[in-house]
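Here is how the chains run, residue by residue.
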Amino acid sequence: FGSLFNKYHGRVMEFDWAARNIFVPYQHLWYYPIMCVARFNLYIQSVLFLVKTNDGHGKREKLNMAAFVGYFGWFILLVFSIPTWFERVAFVLLSHAVAGL
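Here's a quick rundown of the structure. Computed from a predicted model, the values in this text were never measured in an experiment.

With that settled, consider the overall build of the protein. Scanning the protein from N- to C-terminus turns up 4 helices and 2 strands. Ordering the α and β elements of the protein from the N terminus gives β-β-α-α-α-α. Its C-alpha atoms give the protein a radius of gyration of 19 Å, more than 25% over the compact-globule value 13 Å for 101 residues. Its C-alpha atoms give the protein principal-axis dimensions of roughly 50 × 40 × 20 Å. Scored against the burial criterion, the 101 residues of the protein give a buried share of 15%. Taken together, the 9 basic and 5 acidic charged side chains of the protein have centroids lying 7 Å from each other.

And the structure:
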């Protein structure tokens, strides 16, 4: 395949060489390696959302911050309860990879 028509943008979207030969044909193999690190992007987006002012928090700034700190506090305690560093890293990557299933 060479291109597709995008109804939202109302135009033909051409696939480049990498998309045509690497990413789309092997997307079933790319999914889990990407998901291992994609969750970290969501963490960064959460931090950026929390540090912005007047961005739609309403009156929930304290609640959002408490939930964020609570989650990461719990997650860090959970990870550090695992005995070895290899197992900790494996747990974090594996849990992030399967979180989207």
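Helix 4 (residues 85-97) packs onto helix 3 (residues 61-80) with a crossing angle of 135° between their chain directions and a minimal axis gap of 9 Å. By the angle class used here, helix 3 and helix 4 are oblique. Contact residues: Phe75, Leu78, Val79 and Phe80 in helix 3; Trp85, Arg88, Phe91, Val92, Ser95 and His96 in helix 4. Along the lines of polarity and charge, the residues of the contact of helix 3 with helix 4 split into 7 nonpolar, 2 polar and 1 charged.

Once that is clear, we can look at a nonpolar patch on the surface. A grouping of Val37, Phe40, Ile76, Phe80, Trp85, Val89 and Leu93 is seen on the molecular surface, where their side chains present a nonpolar patch of about 680 Å² in accessible area. If one sorts the elements of the nonpolar patch by residue count, helix 4 sits on top with 3 residues. Along the chain, valine 37 falls in helix 2 (residues 27-51).

Here we come to the pairing of strand 1 (residues 3-6). Both strand 1 and strand 2 (residues 11-14) contribute to a ladder of 4 bridges, which runs antiparallel. Opposite phenylalanine 5, over in strand 2, you have valine 12 as the bridge partner. Hairpin connection from strand 1 to strand 2: 4 residues lie between these consecutive antiparallel strands, with glycine 10 at a positive phi of about 70°.

The end-to-end C-alpha distance of helix 4 is 18 Å, a good match for the 18 Å that 13 residues give at a rise of 1.5 Å each. Here helix 4 has its buried residues at Arg88, Val92, His96 and Ala97. Seen along its axis, helix 4 keeps its buried residues to an arc of 160°; they face one direction. Away from its buried face, by an angle of more than 90 degrees, helix 4 presents the exposed residues Phe86 and Leu94. Contacts from the buried residues of helix 4 go to helix 2 and helix 3.

What counts and what doesn't
- Residues numbered from 1 in each chain as written.
- Predicted model: local features only at pLDDT ≥ 70, side-chain atom pairs only at ≥ 80, totals over all residues.
- Heavy atoms only, no water.
- Helix = DSSP H or I, 4+ residues; strand = E, 2+ residues; numbered from the N terminus.
- Rg over C-alpha atoms; globule rule 2.2 N^0.38 Å.
- Buried < 20%, exposed > 50% of the residue type's maximum accessible area, 1.4 Å probe, protein only.
- Lys, Arg positive; Asp, Glu negative; His and termini not counted.
- Charge placed at Lys NZ, Arg CZ, Asp CG, Glu CD.
- Axes fitted to C-alpha atoms, helices over the stretch in contact; angles between N-to-C directions.
- Parallel < 35°, antiparallel > 145°, perpendicular 65-115°, else oblique.
- Contact = heavy atoms within 4.5 Å.
- Nonpolar A, V, L, I, M, F, W, Y, C, P; charged D, E, K, R; others polar.
- Patch = residues over 30% accessible without salt bridge, like charges linked within 9 Å, V, L, I, M, F, W, Y side chains within 5 Å.
- Areas by Shrake-Rupley, 256 points an atom, 1.4 Å probe, with all protein chains shown as cover.
- Salt bridge = Lys/Arg side-chain N within 4 Å of Asp/Glu carboxyl O.
- Pairing = 2+ DSSP bridges.
- Expected span 1.5 Å × (residues − 1).
- Arc of directions from axis to C-beta.

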